[in-house]
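Chain and residue survey
Letter by letter, the chains look like this.
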Amino acid sequence: MRSMQRFSIAVIPGDGVGQEVVPAAIKVLESVGRRFGAGFDFEEYEWGAEYYFRHGRMMPAEALDLLRTADAILLGAVGDPKIPDHITLNGLLLPIRRGFDQFANVRPAILYRGVPSPLAAPGDIDMVVVRENTEGEYAQVGGFVYHHQPEEVAIQTAVFTHRGIERVVRFAFELARKRNKKRRVTSITKSNAQGFGMVLWDRVFQAVASEYPEIETESLLVDAAAMNFIRRPSSFDVVVASNLFGDILSDVSAILTGSIGLAPSANLDPTRRYPSMFEPVHGSAPDIAGRGVVNPLASILSAGMMLTHLGLEEAGAAVERAVSSVLAEGKFKTADLGGTSRTGEVTDAVMGALNP
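What comes next concerns the included structure. If you're wondering where the values come from, they're calculated on a predicted model, not measured in any experiment.

**Some words on the overall build of the chain**
Within the chain one finds 11 helices and 12 strands. Relative to its length of 356 residues, the chain is compact, with a C-alpha radius of gyration of 20 Å against a globular reference of 21 Å. Among the 356 residues that make up the chain, the fraction classed as buried is 54%. Taking all contacts inside the chain whose residues are at least 6 apart in sequence as the whole, residues at least 24 apart take part in 76%. Accessible surface, the chain: about 15600 Å² in total, of which carbon and sulfur atoms supply 53%. Placing the 35 positive and 42 negative side-chain charges of the chain at their respective mean positions leaves the two points 5 Å apart.

Following this line, the structure appears as structure tokens:
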């Protein structure tokens, strides 16, 4: 009998449908944990919009200290129509990503059997977008002059460092080597128009690529990449991009593979000095929150990525196989996939596939 491993998981359900998909992911984690000899101690934090309405901030000042001792963080979604998005982003998500140096945002996009793509001939889509997660266009360097006056000026500066680019590019090459699929890394820039930060990105990418002669490379301008995500999505393997470009393209890849409700993500500190954070891409979706119809699979797949990061590779693979099996069978599908199943029904179907 295998010995039981225990992991501490900080849980932030957040807002909207986050309150529904996180419990689904926890049910799956507990189930797969029993099968593979792992236990989880969940510590829940009620941060997000409601916390903001009460305290004027998205999370307390000591939030990072509270999260620091966890083995990983499971996040649902944050955001409320009554709160400007920049407050949400800068009040919770970015402080955690930067504070714990989660510099690699990993977003897989797989076209599962049984899921229709909006493309006429999508081919076999199995790519990962690796997004630089701590600097670039989201560095929040700049400010206002003549604030709230007719002459107002806003300065927004993107910050690209050799260190920041090199480490995320190297992560992408190591991921392509580990995946051992198409063995290709595609770099996304706009260096013809952004002649400093993006030119540095190109130079660093070429230097790192020279250390991986067995990996094929491709460099695309972001507008060409957007076109080719539609035109030839099956040609991509690992895509590495800046904070902004990775954010946009990973949403495109999610839709190409059927629904953003299937899109998981990991905010990783690959050095493992700090806890990494796992979350679905879809956001708080206030229009359907509380109705029990949200697709829980992105959150469940994110939990699977968390298991793999924690060293429970077999458990993580089992979660993905269970999700894949449910999608292929096609009996339980939420509305975003053209079905009528409820969140709980889909969750139970995954649980059944985990424990046939």
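Don't stop here, the text continues.
**Looking at the nonpolar core**
Counting residues in hydrophobic clusters, the biggest one holds 85 residues, and the most contacted among them are I9, V169, F173, V185, I188 and V240. Per element, the largest residue contribution to this core is 8 residues, and it comes from helix α5 (residues 162–179). The contacts of V240, once residues within four sequence positions are left out, are V130, V168, V169, A172, V185, T186, S187, I188, W201 and F205. Formed by 20 residues, the second largest nonpolar core is a distinct cluster that contains W47, A49, I83 and M277.

**Regarding the packing of aromatic side chains**
Considering all chains together, one arrives at 9 aromatic pairs under this definition. Measuring from centroid to centroid gives 4.8 Å for F229 and F236, while their planes differ by 55 degrees, and the two rings are tilted. As far as burial versus exposure is concerned, F229 and F236 are alike and both buried. A network of ring pairs unites the aromatic residues F7, F40 and F42 as a single cluster.

**Some words on the pairing of strand β11 (residues 264–268)**
Buried residues dominate β11, accounting for 5 of its 5 residues. Burial along β11 is two-sided: P264, A266 and L268 and S265 and N267, pointing in opposite directions, are all buried. Across 3 bridges, the pairing between strand β4 (residues 104–110) and β11 is antiparallel. Bridging across to β11, N105 finds its partner in N267.

**Looking at the sheet that holds strand β1 (residues 5–14)**
The 10 strands lie next to each other as β2-β1-β3-β12-β11-β4-β5-β10-β8-β9, forming an open sheet whose pairing is mixed. The two strands at the open ends of the sheet, each matched to only one other strand, are β2 (38–44) and β9 (216–221). Taken pair by pair, the neighbouring strands of this sheet meet at an average axis angle of 25 degrees, ignoring direction. The strands touched by helix α6 (residues 197–209) within the sheet are β5 (126–132), β8 (184–189), β9 and β10 (238–241), with β8 carrying the most contacts at an inclination of about 165 degrees. The strands touched by helix α7 (residues 222–231) are β5, β8, β9 and β10; relative to β9, the strand with the most contacts, the crossing angle is about 110 degrees.

Calculation criteria
By convention here, each chain's residues receive numbers from 1 onward along its written sequence. Local features in this predicted model are restricted to residues of pLDDT 70 or higher, and side-chain atom pairs are both shown and tallied only at a pLDDT of 80 or more, whereas totals for entire chains, interfaces and linings draw on every residue. Hydrogens and waters are ignored; side-chain quantities use all the structure's heavy atoms. Numbering of helices and strands runs from the N terminus; a helix is a DSSP stretch of H or I covering at least four residues, while a strand is a stretch of E covering at least two. Here the radius of gyration uses the C-alpha set of atoms, whereas the globule reference equals 2.2 Å times the residue count to the power 0.38. Classification of residues uses two cut-offs on accessible area relative to the type maximum, computed with a 1.4 Å probe and protein chains only: under 20% is buried, over 50% is exposed, and between them is partly exposed. Should any heavy atoms of two residues lie within 4.5 Å, those residues are counted as being in contact. Reported accessibility uses the Shrake-Rupley method at a 1.4 Å probe radius. Residues are deemed covered only where the shown protein chains occlude them. Positive charges come from Lys and Arg alone, negative charges from Asp and Glu alone, with His and the N- and C-terminal ends not counted. A charged residue contributes its charge at one atom only: NZ of Lys, CZ of Arg, CG of Asp or CD of Glu. Take the buried Ala, Val, Leu, Ile, Met, Phe, Trp, Tyr and Cys residues and link them wherever side-chain atoms come within 4.5 Å; each set so joined is a nonpolar core. Side-chain rings of Phe, Tyr and Trp (the six-membered ring for Trp) are treated as a pair once their centres are within 6.5 Å; stacked means planes under 30 degrees apart, edge-to-face means over 60, and tilted covers the remaining angles. A pair of strands is labelled paired if DSSP reports no fewer than 2 bridges between them. Structural elements are reduced to axes, namely lines fitted to C-alpha atoms, with helices fitted over the stretch in contact, and the angle between N-to-C directions of any two is expressed from 0 to 180 degrees.

Keep in mind these values describe shape, not function.
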